[in-house]
Structure formats: C-alpha cells, structure tokens
Amino acid sequence: MRGKPLFAITVMSLMGAAAATYAPASYAAGQSASEQAIGRWATPTKHGIVEIAPCGASICGRLVESDSIRANPAFADGKNKNPALRSRPLKGLTILQGFTRSTDGWEGGSIYNPEDGGTYKATITIADADTLKLKGCIVWPLCKTQTWKRLR
C-alpha cells in the first residue's frame, strides 16, 4: 500500500509531461495549415528529408533523402515488420499518411519509421512557417516529438 501513492504521483507526472504541447501557431498571412505543411522538411535524425504534399483532402509525406539513401539510392526497407516489404526501396517511400485537418495542424495520421520498421499514430502541429512538431505515439502517453525544419 505504501508504494501506490508514489506510483500514482509518478504516473501522473509522466502523463503531464507527455501532454505538454505547443500552442496553436499563427498562420502566415492567408495560408492554411495544409499550405504551411507543404514542402520539404529536414528531420533531426539521419539527415532525412521528407517532402509533404497534398493527398486529396489530406497530406502525405515521402522520404526523399537520408544518410542511407545518399550512400545507396537503392537502400531497402530491411527493418520492416512485414518480410514481404523488406526489399522495397526507402527512397520515395510514403512515411506520413491518413491525417485529418485540425485547428493547428493535422491529427489522426500515421508515421512509418524505417529505423525500426514500426508504424505509429501521429499528429503534426505547425509551430511557425518553418517549423513542424511531429509527435509519434506507440500508445498515449508513450510519445516522442520531433522538430522538423523547412528547407528553402
């Protein structure tokens, strides 16, 4: 019994830290969240570049460059959890999809992580015209947020 209050406090602290998000961005004059998300974005790992483009009423993102792709343009999706997909090239692979427009970005989508072969629930928040906050979650509150910077 003695350890339960400490456990509850620890869990609540972790939940509070995971729930911290950025305030809605003010959009550039006349631009919607969709228009602001369109473009090429530098990821914080492996020097990745993701190109986000319209996909019907949504947006999609495809991997166009990374350290592995620069070293070998035919670099394959070798860590995919589905063995049948492990031979497909990473270059041009759609890694962001299924998003629904929200007040300050996009939600309800998914991101595929070629580094571990997993697909995660994702949200995209537009911090400013040149910054996206992409949050991927195994299950809430087990999430990780990355900051992507626009390439000009």
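Residues numbered from 1 in each chain as written. Predicted model: local features only at pLDDT ≥ 70, side-chain atom pairs only at ≥ 80, totals over all residues. Heavy atoms only, no water.

(A) Structural detail: the state of the cysteines. Scanning the entire structure with this criterion turns up 2 disulfides. Each sulfur of the disulfide joining Cys55 and Cys60 lies 2.0 Å from the other. Taking the sign of the torsion about the S-S bond as the criterion, the disulfide between Cys55 and Cys60, at about -140 degrees, is left-handed. Accessibility expressed as a relative area gives 18% for Cys60, which makes it buried. Each disulfide pairs two cysteine sulfurs, and for Cys137 the partner residue is Cys143, the sulfurs being separated by 2.0 Å. The disulfide joining Cys137 to Cys143 has a torsion of about 105 degrees about its S-S bond and is therefore right-handed. The buried category is assigned to Cys137, whose relative accessible area is 12%. According to the relative accessible area criterion, Cys143 is partly exposed, its value standing at 27%. Sequential numbering of the bridged cysteines in the chain gives the disulfide pattern 1-2, 3-4. (Disulfide = S-S within 2.5 Å. Buried < 20%, exposed > 50% of the residue type's maximum accessible area, 1.4 Å probe, protein only.)

(B) Fine view of the pairing of strand 3 (residues 58–65). With 6 of 8 residues buried, strand 3 is to be regarded as a mostly interior element. Two strands pair when backbone bridges link them, and strand 2 (residues 49–55) and strand 3 are joined in this way by 7 bridges, in the antiparallel orientation. Note on strand 3: the bridge partner recorded for Ile52 is Gly61. Between strand 2 and strand 3, which follow one another and run antiparallel, lie 2 residues, and Gly56 among them has a positive phi close to 65 degrees. As defined by bridge partners, strand 3 adjoins strand 4 (residues 94–97) across 2 bridges and the pair is classed as antiparallel. Considered in strand 4, the bridge of Arg62 is made with Thr94. (Helix = DSSP H or I, 4+ residues; strand = E, 2+ residues; numbered from the N terminus. Pairing = 2+ DSSP bridges.)

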